[in-house]
Amino acid sequence: MSAAVSAAARRTADSLLEECGRTYAAEAGIRLRDTPQPLYQVLVLSQLLSARIRASVAVAAARALFEHGMRTPRRMADATWQQRVDALGEGGYRRYDERTSTQLGEGAELVLEVWKGDLRRLRAEADGDGDTVRAGLQRVTGIGPAGADIFVREVQGVWPETGFHVGAKGLQGAERLGLPTSTARLAEVARGRDPAVFAAALVRAALDRETAEKVREAARSRP
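Okay, so let's go over this structure. Starting afresh in each chain, residues are numbered from 1 along the sequence in its written order. Reporting in this predicted model follows two pLDDT cut-offs: at least 70 for local features of residues, and 80 or more for side-chain atom pairs to be given and counted; totals over whole chains, interfaces and linings ignore these cut-offs and use all residues. Each side-chain value is worked out from all heavy atoms of the structure, with water and hydrogens disregarded.

### Focus on unusual backbone geometry
- One non-glycine residue, Lys116, lies in the positive phi region at around 55 degrees.
- Among the structural elements, Lys116 can be located in the loop between helix H7 (97-115) and helix H8 (120-126).
- Using a 1.4 Å probe on the protein chains alone, a residue whose accessible area is under 20% of its type maximum counts as buried, one over 50% counts as exposed, and one in between counts as partly exposed. On the accessibility criterion, Lys116 (56% relative accessible area) is exposed.
- Non-glycine residue Asp127 carries a positive phi angle of around 50 degrees.
- In this fold, Asp127 is placed in the loop between H8 and helix H9 (130-137). Think of it this way: any DSSP run of H or I at least four residues long counts as a helix, any run of E at least two long counts as a strand, and we number them from the N terminus.

### What about the packing of aromatic side chains?
- Only Phe, Tyr and Trp rings are paired, with Trp represented by its six-membered ring, and only when their centres lie within 6.5 Å; those with planes under 30 degrees apart are stacked, over 60 edge-to-face, the remainder tilted. Applying the stated criterion to the full structure yields 3 aromatic pairs.
- Where Tyr93 meets Tyr96, the ring centres are 6.4 Å apart and the plane angle is 55 degrees; that geometry is what we call tilted.
- Taken together, a centroid distance of 6.5 Å and an interplanar angle of 35 degrees make the contact between Phe164 and Phe198 tilted. Taken as a pair, Phe164 in the loop between helix H10 (145-155) and helix H11 (167-177) and Phe198 in helix H13 (residues 195-207) lie far apart in primary sequence, 34 residues in all.
- In this structure Phe164 comes out as partly exposed when scored by relative accessible area, which is 21%.
- Accessibility expressed as a relative area gives 0% for Phe198, which makes it buried.
- Counting as a charge over the ring demands two things of the Lys NZ or Arg CZ atom: a distance within 6 Å of the ring centre and an angle within 35 degrees of the ring normal. Taking NZ or CZ as reference, Arg204 lies 4.0 Å from the ring centre of Tyr24, over its face.

### Remarks on the layout of surface pockets
- Considering only enclosed or pocket space, the largest pocket measures out at about 440 Å³ in volume.
- Computed over the protein atoms alone on a 1 Å grid, cavities are sets of points where a 1.4 Å probe fits but cannot get out and pockets are open sets with protein on both sides within 12 Å along at least five of seven lines; a residue lines them when it has an atom within 4 Å of a point. Surrounding the largest pocket, 19 residues form its lining, Leu49, Ile150, Lys169, Val203 and Leu207 being those nearest its centre.
- Across the lining of the largest pocket, the residue classes break down as 11 nonpolar, 4 polar and 4 charged.
- Grid points are joined across faces, edges and corners, and a volume is the space filled by probe spheres set on the points. In this structure, the second largest pocket occupies an estimated 280 Å³ of space.
- Here the element with the most residues in the lining of the second largest pocket is helix H1 (residues 7-20); it accounts for 4 residues. When residues are sorted by character, Ala, Val, Leu, Ile, Met, Phe, Trp, Tyr, Cys and Pro go into the nonpolar class, Asp, Glu, Lys and Arg into the charged class, and all the rest, Gly among them, into the polar class.

Spatial relationships are all this shows, so hold off on functional conclusions.
Okay, here's the thing in structure tokens:
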């Protein structure tokens with residue numbers, strides 16, 4: 001870690017990762033690799049997380065979809081609208097279940113048509129440009145700017161050319177924890193750590209004031 005990073009920031013970063021150092025993909029049971037199936041699953045999770053619903057519910061809904069076999073765009077597209085609704089409801093995702101079921105079906109069809117079911121084709125098209133990746137993702141039904149940001153944040157460990165990314169919510173978490181609030185300075189704090197895990201932990205701190213306070217207390221007690 002750079003010498004420019006303060007001792008207080010290092011202590012906070014250590015405490016943050018100990019308290020909530022896990023990506024949302026990992027929580028949803030996705031074994032992330034740069035292969036078609038887990039990348040598609042992260043896309044589904046990103047859509048669910050971007051709605052105005054608790055993150056825990058979005059994760060549970062994603063797990064339910066995957067447990068019902070909808071792990072690939074082909075399986076998602078081939079499932080009936082009602083099967084998708086039922087899986088979303090099983091995960092507690094009831095407020096937006098009908099609309100989301102439609103979007104998931106249409107989105108899967110687009111991924112199959114445009115990228116042959118393989119989001120690595122989008123990666124190749126973008127040629128290392130994160131903005132191009134996010135723009136491409138927003139072609140998918142149900143994926144807006146927030147969903148595209150979540151996807152890039154979660155996959156940055158396997159798509160490092162997109163650059164360190166925490167998103168607006170991650171910056172809110174950094175501010176709550178007293179960490180730098182610029183992406184460049186946060187990248188210095190995160191140096192040597194898994195960037196996706198660090199970014200997700202910042203988001204968790206933004207979403208849960210109690211978690212953020214636990215991290216701050218733990219950081220103050222570190223030597």
